[in-house]
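Here's the letter readout for the chains.
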Amino acid sequence: MFKGICFQGKPDARRGRKKIKLATAAAAILLATSTGAFSQGMTQRPVAGSNASADVAAPVAPLSLARAIELALEGNPEVAAATRQFEATEGQVLQGRTRPNPELAYSLEDARSKTRTQSWQLNLPVELGGKRAARTKAAEKSREQAQAQLDELKATVRANVAAAYFDVLTAQERLALARDSVALAKSSTDAVAKRVAAGKVSPVEESKARVAEAGIRVELSQAASEERNALSRLFALLGKIEAPFTALEGKAENIPAVPQLADLQPLISSSPAIVLARIEVDRRKALTDLEQSKRVPDVTVSVGMQRSNETQRNVLLFGVSVPLPVFDRNEGNLLEALKLEDKARDELQVATVRLHSEVAQARERLATIASEIQALQQDVLPGAKSAYDAATIGFENGKFNFLEVLDAQRTYFTAKAQYLKALGEAHRAAADVDRLLGGTTASRLIATQN
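Residues numbered from 1 in each chain as written. Predicted model: local features only at pLDDT ≥ 70, side-chain atom pairs only at ≥ 80, totals over all residues. Heavy atoms only, no water.

Enquirer: Explain the overall build of the chain residue by residue, including any values.
Expert: On a plain count of helices and strands, the chain comes out with ten helices and four strands. In the chain, which comprises 450 residues, the proportion classed as buried is 33%. Counting contacts in the chain only where the partners sit at least 6 residues apart, residues at least 24 apart contribute 79% of the total. Total accessible area on the chain stands at roughly 27200 Å², and carbon and sulfur atoms take up 57% of it. (Helix = DSSP H or I, 4+ residues; strand = E, 2+ residues; numbered from the N terminus. Buried < 20%, exposed > 50% of the residue type's maximum accessible area, 1.4 Å probe, protein only. Contact = heavy atoms within 4.5 Å. Areas by Shrake-Rupley, 256 points an atom, 1.4 Å probe, with all protein chains shown as cover.)

As structure tokens, this is what we get:
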């Protein structure tokens, strides 16, 4: 009896010791977890005056068009290269202002020391005919030409950034439209599947719905790829490899205003292309003056001292040398400079006529696209949306088949895609006007309006 009691009590004691061990282990784990959480909470708690909040990544602000243009002008490699070219022309101006170096000459007559005669002479060239002034003016015109080329490049980059910016906005609208299309196609497929299950329509209708949904999903994939490509083109213009911005400000529906052609014509004379052609004429004229000045020979004035060991006397030397323009009168270089000056004037006339035509064409294209957008907004899109809604309601009530719904849906989304395409073309036409006029006050309002 006693053994039995002892035998039954031993398992209970063992189980009790196991429970105590388990409770102790659980308490230790709980204490360690609470201690770690408490210490972690203490370390993560921001302290006044510390930089703990700096480790938290701040949300990236949306990229505006003005900021995108600023980043492009700062980080575009072509703009940087043109800036270096402009800075290099400062060397031409500096070199053009310099005077010719003097020349130190030494001569020795008779190697015997008793009868040796030594001469030291300083030759100083004196430029005549205005060579230095003509050379400096030609260098300054080259500097102005480099500045005009830089301004023209900046206008082109600004216009390209504006066009790429609105291309991204349009691509994002297309992507949102494709997502809505997929959602509507999915809901339509589900509705057709329910009606097939209820025996109201043929299973063929469900197959057609699923085929249409698959086609719309392909369009969604294409729209997503187009958006990524548009972002890549935009950030390439900004000089960025990765995309630091995830959102853009503005909307693609904010179409630019259509300016009057009479307001744009006076701005052509100050456009980068015309300014560059005009500076080229002035530079060629300066080079012609430089070649003309070279026909006047320069004078070299010589001053020196001669020492004769035989007489033990120093003799002062003074001389003047003038080249005689008998054979070379610089006629060939002057003729070339005159013909190139005439060519520059002809190119100025060509650039003026071409720019008037291009500005008129860009403005006309913008006006045509604006009219198309207005027609799509007022007539096409509301009508297509109303027909699609009516077909959807009629299909749900059993008055229309699914093909009619699918056709109405395709018509509506095709019109919407045409509208987005017209928006992109309008912004590109406005960017062309901005590029041609060089981002002047009037044209800048065309392409940068958000």
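Alright, that's what it looks like, and here's the rest.
Enquirer: Any details on helix 8 (residues 331-396)? Residues and values, ideally.
Expert: With 66 residues, helix 8 ought to run about 98 Å at 1.5 Å a step, and its terminal C-alpha atoms sit 92 Å apart, in line with that. Its maximal kink placed at L376, helix 8 deviates by approximately 45°. (Expected span 1.5 Å × (residues − 1). Bend = angle between axes of the 7 residues up to and from the residue.)

Enquirer: So what's going on with the nonpolar core? Which residues, and what values?
Expert: With 52 residues, the main nonpolar core has V161, Y165, L234, L238, L248, I373 and Y419 as its most contacted residues. Those elements giving two or more residues to this core turn out to be helix 2 (65-75), helix 3 (77-96), helix 4 (131-197), helix 5 (203-237), helix 8 and helix 9 (402-437). Considering each element in turn, this core owes the most residues, 14 residues, to helix 4. Residues within four places of V161 in sequence aside, it is in contact with L65, A68, I69, A72, L234 and L237. Counting residues in each nonpolar core, the second largest holds twelve residues, with I268, I274, V359 and A362 among its members. (Core = buried A, V, L, I, M, F, W, Y, C linked by side-chain atoms within 4.5 Å.)

Enquirer: Help me get a handle on the pattern of salt bridges, residues and values and all.
Expert: Taken as a whole and assessed by the stated rule, the structure comprises 27 salt bridges. As a salt-bridge pair, D282 and K141 come within 4.0 Å of each other at their nearest N and O atoms. Residue D282 is found in helix 7 (residues 272-293), and its partner K141 is found in helix 4; the two are separated by 141 residues along the sequence. Its relative accessible area of 30% is what places D282 among the partly exposed residues. Relative accessible area serves as the criterion here: at 16%, K141 is assigned to the buried category. For K285, the salt bridge is made with D289, and the minimal N-O distance between the two is 3.7 Å. Here D289 and K285 lie together in helix 7, a separation of four residues that amounts to about one turn. Residue classification places K285 among the partly exposed residues on the basis of a relative accessible area of 37%. According to the relative accessible area criterion, D289 is partly exposed, its value standing at 33%. (Salt bridge = Lys/Arg side-chain N within 4 Å of Asp/Glu carboxyl O.)

Enquirer: An account of the environment of F166 is needed here, citing residue identities and associated values.
Expert: With respect to the secondary-structure elements, F166 resides in helix 4. The exposure class assigned to F166 is buried, which follows from its relative accessible area of 1%. Residues F166 and K251 lie 85 residues apart in sequence; the distance between their C-alpha atoms is 8.2 Å.

Enquirer: Help me get a handle on the pairing of strand 2 (residues 117-126), residues and values and all.
Expert: The pairing of strand 1 (residues 103-109) with strand 2 spans seven bridges and is classified as antiparallel. Each residue of the ladder has a partner; that of E109, found in strand 2, is T117. With ten bridges joining them, strand 2 and strand 3 (residues 299-308) adopt antiparallel strand pairing. Bridge assignment links V126 to a residue of strand 3, and that residue is V299. (Pairing = 2+ DSSP bridges.)

Enquirer: Can you break down the side chain of N123 residue by residue, with the values?
Expert: Following the sequence through the fold, N123 ends up in strand 2. Here the side chain of N123 touches S302 through a polar contact of 2.6 Å, side chain to side chain. (Polar contact = N/O pair within 3.5 Å; in protein donor to acceptor, adjacent residues only side chain to side chain.)

Enquirer: A description of the packing of aromatic side chains should follow, citing residues and the corresponding values.
Expert: Under the criterion given, the structure shown has three aromatic pairs. When the centroid spacing of 5.7 Å and the interplanar angle of 80° are considered together, the rings of Y165 and F166 count as edge-to-face. Accessibility assignment for this pair places Y165 and F166 in one class, buried. (Phe/Tyr/Trp six-rings, centres within 6.5 Å; stacked < 30°, edge-to-face > 60°.)

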